[in-house]
Amino acid sequence: MGILWEIVQTGLMYGQKRSSDSIDDRVKHLEDRLAATQDTLRALVKKLEEINKLDIDGDGKVG
C-alpha cells in the first residue's frame, strides 16, 4: 500500500504545481503534449500503412 500512496501523493503534488503555473507555462505544456501526440499518431499511421500495404492517410504513398 505504501507505493500506491506515494504515487497518489506525487500525482496530487503535480496537480497542485500545474494549477500554480502561469497560463503561459500551462499552454506551453499543452502544446508540447499535442506535438508529442501528433508525432505518435504519424508514426502509428506509417507503421499501419507498412503492415497493411495501404495508403491510410491519403498522401499517395504507403509508409
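Preceding this paragraph is the structure being described.
Starting afresh in each chain, residues are numbered from 1 along the sequence in its written order. At least 70 in pLDDT is required for a residue's local features to be given in this predicted model, at least 80 for side-chain atom pairs to be given and counted, and no such filter applies to totals for whole chains, interfaces and linings, which use all residues. Calculation of side-chain values draws on the structure's entire complement of heavy atoms; hydrogens and water are dropped beforehand.

> What am I meant to see in the overall build of the protein chain here?
Looking only at helices and strands, the protein chain features 2 helices and 0 strands. For 63 residues, the compact-globule estimate of 2.2 N^0.38 gives 11 Å, and the protein chain exceeds it by more than 25% at 19 Å. With the principal axes as the frame, the protein chain shows a C-alpha extent of 50 × 35 × 10 Å. Burial classes: relative accessible area under 20% of the type maximum marks a residue as buried, over 50% as exposed, and values in between as partly exposed (1.4 Å probe, protein chains only). Across the 63 residues that make up the protein chain, the buried fraction comes to 5%. Just so you have it, the protein chain exposes about 5500 Å², and 62% of that area is on carbon and sulfur atoms. Numbering goes from the N terminus for both helices and strands, where a helix is a DSSP run of H or I of at least four residues and a strand is a run of E of at least two. Two things to know: the radius of gyration comes from C-alpha atoms, and the globule rule equals 2.2 Å times the number of residues to the power 0.38. Each accessible area is a Shrake-Rupley estimate made with a 1.4 Å probe; only the visible protein chains count as cover when residues are assessed.

> Could you clarify how one ought to interpret the environment of K53 in this entry?
On the secondary structure map, K53 appears in the segment after α2 (23-52). The class for K53 is exposed, based on a relative accessible area of 64%. Sequence-wise, K53 and G63 are 10 residues apart; in three dimensions their C-alpha atoms are separated by 7.9 Å. Contacts were defined at the residue level, with two residues in contact if any of their heavy atoms lie within 4.5 Å. Residues within four places of K53 in sequence aside, it is in contact with L48 and V62. Polar contacts, as used here, are pairs of N or O atoms within 3.5 Å; protein pairs need one atom able to donate a hydrogen and one able to accept it. Residues neighboring in sequence count only if both atoms are side-chain atoms. Only 3.5 Å separates the side chain of K53 from the backbone oxygen of E50, close enough to count as a polar contact.

> Would you mind going over the side chain of E49 with me for this structure?
One can find E49 in helix α2. Note on charges: Lys and Arg go in the positive column, Asp and Glu in the negative column, and His and the chain ends are not counted at all. Any carboxyl oxygen of Asp or Glu within 4 Å of a side-chain nitrogen of Lys or Arg constitutes a salt bridge here. No salt bridge is formed by the buried E49; its nearest oppositely charged neighbour, K61, is found at 7.8 Å. Discounting residues that sit within four places of it in the chain, E49 has contacts with L54, D55, I56, D57, D59, K61, V62 and G63.

> Would you mind showing me how to read the pattern of salt bridges here?
Between side chains of opposite charge, a pair can form as their charged atoms come close. All chains considered together, the criterion is met by 3 salt bridges. Where K28 meets D32, a salt bridge forms, and the shortest distance between an N and an O atom there is 2.7 Å. With K28 and D32 both in helix α2, this residue pair falls 4 residues apart, about one helical turn. According to the relative accessible area criterion, D32 is partly exposed, its value standing at 41%.

> I tried to follow α2 on my own but got confused; where do I start?
Three or four residues apart is the spacing at which side chains of an α-helix point the same way, because the helix has 3.6 residues per turn. Compared with the 44 Å implied by 1.5 Å per residue over 30 residues, the 43 Å span of α2 between its first and last C-alpha is a close match. At the exit of α2 stands K53, carrying a positive phi of roughly 55 degrees. In this scheme, a helix's expected span is set at 1.5 Å multiplied by one less than its residue total.

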